[in-house]
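A closer look at the structure
Spelled out, the chains give:
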Amino acid sequence: MENLKEKIQEAVNLYKSGSLIKCEELTKRLIKINPKVVFLHNLLGMIFAAQNRTDEAVKSYEKGIQVDPNFAIIYNNLALIYYNRRSIGKDSESNIEKAELLFKKSLQINPKLPEPNTNLGNLYSSIGKNNESIRFHKLAISADPKYYYTYLNIANVYVSIGKFEEAKKNLKIAISENKDFSQAHRLLSRITKYTSKDNHLTQLKELFKNINPKDDFKKMNIAFALGKATEDIKNFDESFTYYKIANSINKSKKEFSLKKEKDYFEEIKKTYNNKLFDKYINLGEKKSSPIFIVGMPRSGTTLVEQILSSHSKVFGADEVTFIPNLINKYFTQKKINLFLQGIFDFDITFFEKMGNEYINLMKSISNNSERSTDKLPANFLNIGLIKLILPKSKIIHCQRNAKDNIFSIFKNYFPGNKITFDSDLNDTVEYYNLYSDLMKFWNTLMPDFIFNVKYEDLINNTKEEINKLLIFSDLKWEEKCLDFHENKRTIKTASDIQARSKIYNTSINLWKKYEKHLNNYYEKLIK
């Protein structure tokens, strides 16, 4: 038994050090000899999950549950697999339901575990149940006040609902529990306006100086935080250096192929034309008029949604993935253009089915609101399909000065792999050119279907531009739309802080502060 404990500890140490292949080999050998030790099945599941081998992870966790149905943490770990699949394809809703049940099962066995409490809090936050989210995060803190991840999780909820002081308080506790907790430092930097004597700025510089060169994730987070902090104190050269360091690390974790993107954009333009719309006219869902807000990231989409969702008849859904999920369900993203070009046969009733399903999904999260906004910026790729499945939709396209837009993308951190062109200025410029060309294509093909709003016009002529937005959206004027900063809805994008503020123009032409660092890249911008 003593030897088994030592071997398990050796496997755990390998896992913690990131030596996953060696850890997997050792754990599998130990399971062969000790098949009734639930801890080993749980560890093997964690090893698979860390390598994104999620199907194998599920099997390991389920085997562990068979061995010992009362091992609480294994339900939490299995729930995390389903929670992380929540935005994937047609099973997104059932994945959330499975995750919720498994987190609750874990807590039923051991209500004092912080992990399932705070993870359930994250789940409720992801579906807009913020009060429930905060309640479970607080239960996690009660269960273990030293589990510092909970303070970051609850701070994220407070930021999303505009309670920045509550967020700061929790982030400072997280950092006091673990001064190296880089995600907490990065989030704190986003909601702090720095001066040159700010204690947190000093702390960030000290942390950056002493980072282990191999700890890329920590280095990236602290570099993004320092980029923001040094920008606040107008040290723009130093700020750009930090942003560049952070992005070079972020880029190494992502895959971007300009050729694939060019091919995809060309395929879209080859697919949609007047002939296609004439062929499939009146086949979609024709009763509803949802509002889609599209554009590049950081182009003003959050601000526009904040304005429109301040209207009494409008529910702001934020960045929902309903359209991409429906494409994957009925066609797959890669093949939709081939179907529409007539290369593959398909059932034309799909158009109305997709439209109805979209409306039902939106109703399920909006308390059956009369109107809704969907502000997934990348839906600019799907404007043609939206026209087919929801012909009475309103498309609002947000435009921003290209140079400001590109730099704003560069200086913000986008988690995950949904955006792959964000971390290299050459990639971002090239992608921007593709986007700009496609939007010209859509505007030529469907001039009355799209309303183009310029971010700079919205800032400088706010009331006039809001009125135009409302007229296009078939909404009557409401004064509340001018007081959008008082809207308490949840915002979960990189613009969460700006959208809670009154209109300000400090971000217009910000790129010029960094001009000498950016000019070489911007030479490739197509005007």
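To be clear, the structure that these remarks concern was listed above.
Residues numbered from 1 in each chain as written. Predicted model: local features only at pLDDT ≥ 70, side-chain atom pairs only at ≥ 80, totals over all residues. Heavy atoms only, no water.

1. Some points on the overall build of the protein
Regarding its fold elements, the protein presents 26 helices and five strands. On C-alpha atoms alone, the protein measures out to a radius of gyration of 25 Å, which is about the 24 Å that the 2.2 N^0.38 rule sets for 527 residues. Along the three orthogonal principal directions, the C-alpha set of the protein runs to about 75 × 60 × 45 Å. For the protein, the proportion of contacts with a sequence separation of at least 24, taken over those separated by at least 6, is 69%. Put simply, the protein shows about 25400 Å² of open surface, and 50% of that area lies on carbon and sulfur atoms. The positive charge centre, built from 83 side chains, and the negative charge centre, built from 63, are 1 Å apart in the protein. (Helix = DSSP H or I, 4+ residues; strand = E, 2+ residues; numbered from the N terminus. Rg over C-alpha atoms; globule rule 2.2 N^0.38 Å. Contact = heavy atoms within 4.5 Å. Areas by Shrake-Rupley, 256 points an atom, 1.4 Å probe, with all protein chains shown as cover. Lys, Arg positive; Asp, Glu negative; His and termini not counted. Charge placed at Lys NZ, Arg CZ, Asp CG, Glu CD.)

2. A short note on the sheet that holds strand β1 (residues 291-295)
Ordered by their spatial adjacency, five strands build an open sheet running β2-β3-β1-β4-β5, and the pairing between neighbours is parallel. The sheet terminates laterally at β2 (314-316) and β5 (450-454), the two strands that pair on one side only. The mean angle between the axes of side-by-side strands here comes to 25 degrees, regardless of whether they run parallel or antiparallel. Those strands touched by helix α25 (residues 462-472) are β4 (394-399) and β5, and its axis lies near 170 degrees from that of β5. (Pairing = 2+ DSSP bridges. Axes fitted to C-alpha atoms, helices over the stretch in contact; angles between N-to-C directions.)

3. Digging into the pattern of salt bridges
Enumeration over the complete set of coordinates arrives at 32 salt bridges. As a salt-bridge pair, Glu10 and Lys7 come within 3.6 Å of each other at their nearest N and O atoms. Highlighted residues: Glu10 and Lys7, both in helix α1 (residues 2-17), separated by three residues, approximately one helical turn. With a shortest N-O distance of 2.5 Å, Lys269 and Asp437 are connected by a salt bridge. Note that Lys269 is positioned in helix α15 (residues 258-271) and Asp437 in helix α23 (residues 425-445), a separation of 168 residues in sequence. Assessed through its relative accessible area of 22%, Lys269 is described here as partly exposed. (Salt bridge = Lys/Arg side-chain N within 4 Å of Asp/Glu carboxyl O. Buried < 20%, exposed > 50% of the residue type's maximum accessible area, 1.4 Å probe, protein only.)

4. Structural notes on the side chain of Thr420
Along the chain, Thr420 falls in the loop between α22 (402-410) and α23. Other than its neighbours up to four places away in sequence, Thr420 contacts Lys254, Glu255 and Phe256.

5. Brief notes about unusual backbone geometry
Of all residues except glycine, most have a negative phi; of all peptide bonds, most are trans. Even without being a glycine, Asn282 presents a positive backbone phi close to 65 degrees. By the element assignment, Asn282 lies in the loop between α16 (274-279) and β1. Exposure remark for Asn282: the relative accessible area of 53% places this residue in the exposed category. The backbone of Asn509 shows a phi angle near 65 degrees, a positive value even though the residue is not glycine. One can find Asn509 in the loop between α25 and α26 (515-522).

6. Observations concerning the side chain of Asn119
Counting through the fold element by element, Asn119 comes out in helix α7 (residues 114-126). Here Asn119 falls in the buried class, since its relative accessible area comes to 12%. Beyond its immediate chain neighbours, meaning those up to four positions away, Asn119 contacts Asn76, Leu80 and Phe103.

7. Concerning the packing of aromatic side chains
A ring pair, where both rings are aromatic, is described by two values, the distance of the centres and the angle of the planes. The tally for this structure, following the rule as stated, stands at 27 aromatic pairs. For the pair Phe240 and Phe410, a centre-to-centre distance of 5.8 Å together with 25 degrees between the ring planes defines the contact as stacked. In this pair, Phe240 sits in helix α14 (residues 236-252) while Phe410 sits in helix α22, placing the two residues 170 residues apart along the sequence. For the pair formed by Phe240 and Phe410, the shared burial category is buried. Above the face of the Tyr75 ring, Lys105 is positioned so that its terminal group lies 6.0 Å from the ring centre. (Phe/Tyr/Trp six-rings, centres within 6.5 Å; stacked < 30°, edge-to-face > 60°. Lys NZ or Arg CZ within 6 Å of the ring centre and 35° of its normal.)

8. Brief notes about α7
Counted at 1.5 Å a residue, the expected span for α7 with its 13 residues is 18 Å, and the 18 Å between its end C-alpha atoms agrees. Counting buried residues along α7, ten of its 13 residues qualify, which places the element largely inside the surrounding structure. Within the span of α7, buried status applies to Pro114, Pro116, Asn117, Thr118, Asn119, Leu120, Gly121, Leu123, Tyr124 and Ser125. (Expected span 1.5 Å × (residues − 1).)

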